[in-house]
Amino acid sequence: MRTGREPLELPLPSLLDVIYAWWVEGGTEKDVAKFRTALETPPASAELEGREEWSDEETDESFAAAMGGMQRAASR
(Lines give C-alpha, C1' and ligand atoms only; values in the text may rest on other atoms or scores of the structure.)
Protein backbone atom coordinates (compact mmCIF):
# COMPACT_ATOMS: atom_id res chain seq x y z
CA MET A 1 0.00 0.00 0.00
CA ARG A 2 2.98 2.26 0.46
CA THR A 3 4.07 1.81 -3.16
CA GLY A 4 1.68 4.37 -4.56
CA ARG A 5 0.02 1.76 -6.78
CA GLU A 6 -3.75 1.52 -6.93
CA PRO A 7 -4.54 -1.63 -4.89
CA LEU A 8 -7.54 -2.61 -7.03
CA GLU A 9 -5.31 -2.70 -10.12
CA LEU A 10 -3.13 -5.43 -8.59
CA PRO A 11 -3.60 -9.09 -9.51
CA LEU A 12 -5.92 -10.78 -7.02
CA PRO A 13 -3.20 -12.72 -5.16
CA SER A 14 -1.19 -9.52 -4.66
CA LEU A 15 -4.26 -7.60 -3.51
CA LEU A 16 -5.04 -10.32 -0.98
CA ASP A 17 -1.44 -10.15 0.27
CA VAL A 18 -1.84 -6.38 0.74
CA ILE A 19 -5.11 -6.82 2.63
CA TYR A 20 -3.61 -9.52 4.83
CA ALA A 21 -0.52 -7.41 5.62
CA TRP A 22 -2.71 -4.41 6.44
CA TRP A 23 -4.99 -6.52 8.65
CA VAL A 24 -2.20 -8.08 10.75
CA GLU A 25 0.08 -5.03 10.88
CA GLY A 26 0.83 -4.17 14.49
CA GLY A 27 -0.89 -7.30 15.82
CA THR A 28 0.67 -9.53 18.41
CA GLU A 29 1.81 -13.02 17.45
CA LYS A 30 -1.22 -14.39 19.29
CA ASP A 31 -3.61 -12.05 17.44
CA VAL A 32 -2.11 -12.99 14.07
CA ALA A 33 -2.36 -16.72 14.88
CA LYS A 34 -6.00 -16.29 15.91
CA PHE A 35 -6.75 -14.37 12.70
CA ARG A 36 -5.02 -17.03 10.54
CA THR A 37 -7.02 -19.78 12.24
CA ALA A 38 -10.29 -17.94 11.63
CA LEU A 39 -9.28 -17.23 8.03
CA GLU A 40 -8.27 -20.80 7.24
CA THR A 41 -11.09 -22.65 9.00
CA PRO A 42 -14.15 -23.24 6.83
CA PRO A 43 -17.56 -22.53 8.38
CA ALA A 44 -19.06 -25.53 10.18
CA SER A 45 -21.93 -25.61 7.68
CA ALA A 46 -19.61 -25.69 4.63
CA GLU A 47 -20.13 -28.69 2.37
CA LEU A 48 -16.62 -29.31 1.05
CA GLU A 49 -16.86 -32.95 -0.03
CA GLY A 50 -17.02 -33.32 -3.79
CA ARG A 51 -16.95 -29.61 -4.45
CA GLU A 52 -15.09 -28.45 -7.53
CA GLU A 53 -12.05 -26.25 -6.93
CA TRP A 54 -11.66 -23.02 -8.90
CA SER A 55 -8.44 -22.38 -10.72
CA ASP A 56 -6.48 -19.19 -10.02
CA GLU A 57 -7.53 -17.93 -13.44
CA GLU A 58 -11.23 -18.49 -12.72
CA THR A 59 -10.86 -16.73 -9.37
CA ASP A 60 -9.10 -13.76 -10.99
CA GLU A 61 -11.76 -13.51 -13.70
CA SER A 62 -14.60 -13.68 -11.17
CA PHE A 63 -12.98 -11.00 -9.02
CA ALA A 64 -12.31 -8.76 -12.04
CA ALA A 65 -15.92 -9.11 -13.15
CA ALA A 66 -17.19 -8.23 -9.67
CA MET A 67 -14.89 -5.22 -9.45
CA GLY A 68 -15.95 -4.06 -12.91
CA GLY A 69 -19.57 -4.13 -11.79
CA MET A 70 -18.74 -2.20 -8.62
CA GLN A 71 -16.80 0.44 -10.55
CA ARG A 72 -19.66 0.90 -13.04
CA ALA A 73 -22.16 1.27 -10.18
CA ALA A 74 -19.94 3.80 -8.42
CA SER A 75 -19.63 5.97 -11.55
CA ARG A 76 -23.41 6.37 -11.89
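So, here is what we can say about the structure in this document. (Residues numbered from 1 in each chain as written. Predicted model: local features only at pLDDT ≥ 70, side-chain atom pairs only at ≥ 80, totals over all residues. Heavy atoms only, no water.)

**Thoughts on helix α1 (residues 12-24)**
Note the cut-off: For helices the rule is a DSSP run of H or I covering at least 4 residues; for strands it is a run of E covering at least 2, with both sets numbered from the N terminus onward. To estimate the expected span of a helix, subtract one from its residue number and multiply by 1.5 Å. Under the scheme applied here, a residue whose accessible area is under 20% of the maximum for its type counts as buried, over 50% as exposed, and between as partly exposed, the area being computed with a 1.4 Å probe on protein chains only.
Compared with an ideal rise of 1.5 Å per residue, which puts 13 residues at 18 Å, α1 spans 18 Å between its outermost C-alpha atoms and is within 8% of the ideal. Listed in full, the buried residues belonging to α1 are Leu 12, Leu 15, Val 18 and Val 24. Gly 26 occupies a position one or two residues after α1 and carries a positive phi of about 85°.

**Looking at the packing of aromatic side chains**
Using the following cut-off: Aromatic rings from Phe, Tyr and Trp, with only the six-membered ring used for Trp, were paired whenever their centres fell within 6.5 Å, and each pair was classed as stacked if the ring planes differed by under 30 degrees, edge-to-face if by over 60, and tilted otherwise.
A full pass over the atoms with the stated rule returns three aromatic pairs. Arranged with centres 5.7 Å apart and planes meeting at 70°, the rings of Trp 22 and Trp 23 form a pair that is edge-to-face. Classification of Trp 23 as exposed rests on a relative accessible area of 52%.

**Some thoughts on the pattern of salt bridges**
We apply this condition: By convention in these notes, a salt bridge is any Lys or Arg side-chain nitrogen within 4 Å of a carboxyl oxygen on Asp or Glu.
In total, this model carries one salt bridge according to the counting rule given. Between Glu 40 and Arg 36 there is a salt bridge, with its nearest N and O atoms 2.7 Å apart. Here Arg 36 and Glu 40 lie together in helix α2 (residues 29-40), a separation of four residues that amounts to about one turn.

**A few points about the packing of α1 against α2**
When two helices pack together, their arrangement is given by the angle between the helix axes and by the axis-to-axis distance. For the record, the criterion: Each axis is a line fitted through C-alpha atoms, taken for helices only over the stretch in contact, and angles between the N-to-C directions span 0 to 180 degrees. Any angle that falls under 35 degrees is termed roughly parallel, while one over 145 is termed roughly antiparallel, one within 65 to 115 roughly perpendicular, and all others oblique. Note: crossing handedness is left-handed where the near helix turns anticlockwise from the far helix by less than a right angle, and right-handed where it turns clockwise. Residues count as neighbours in contact if any of their non-hydrogen atoms are within 4.5 Å of one another. Here the term charged refers only to Asp, Glu, Lys and Arg, the term nonpolar to Ala, Val, Leu, Ile, Met, Phe, Trp, Tyr, Cys and Pro, and the term polar to all other amino acids, Gly among them.
Direction vectors running N to C along α1 and α2 enclose 140°, while the axes themselves pass 10 Å from each other. Considering the angle they form, α1 stands oblique to α2. As for the relative orientation of α1 and α2, their crossing is right-handed in sense. Contact residues: α1 offers Tyr 20, Trp 23 and Val 24, while α2 offers Val 32, Phe 35, Arg 36 and Leu 39. Across the contact of α1 with α2, the residue classes tally to six nonpolar, no polar and one charged.

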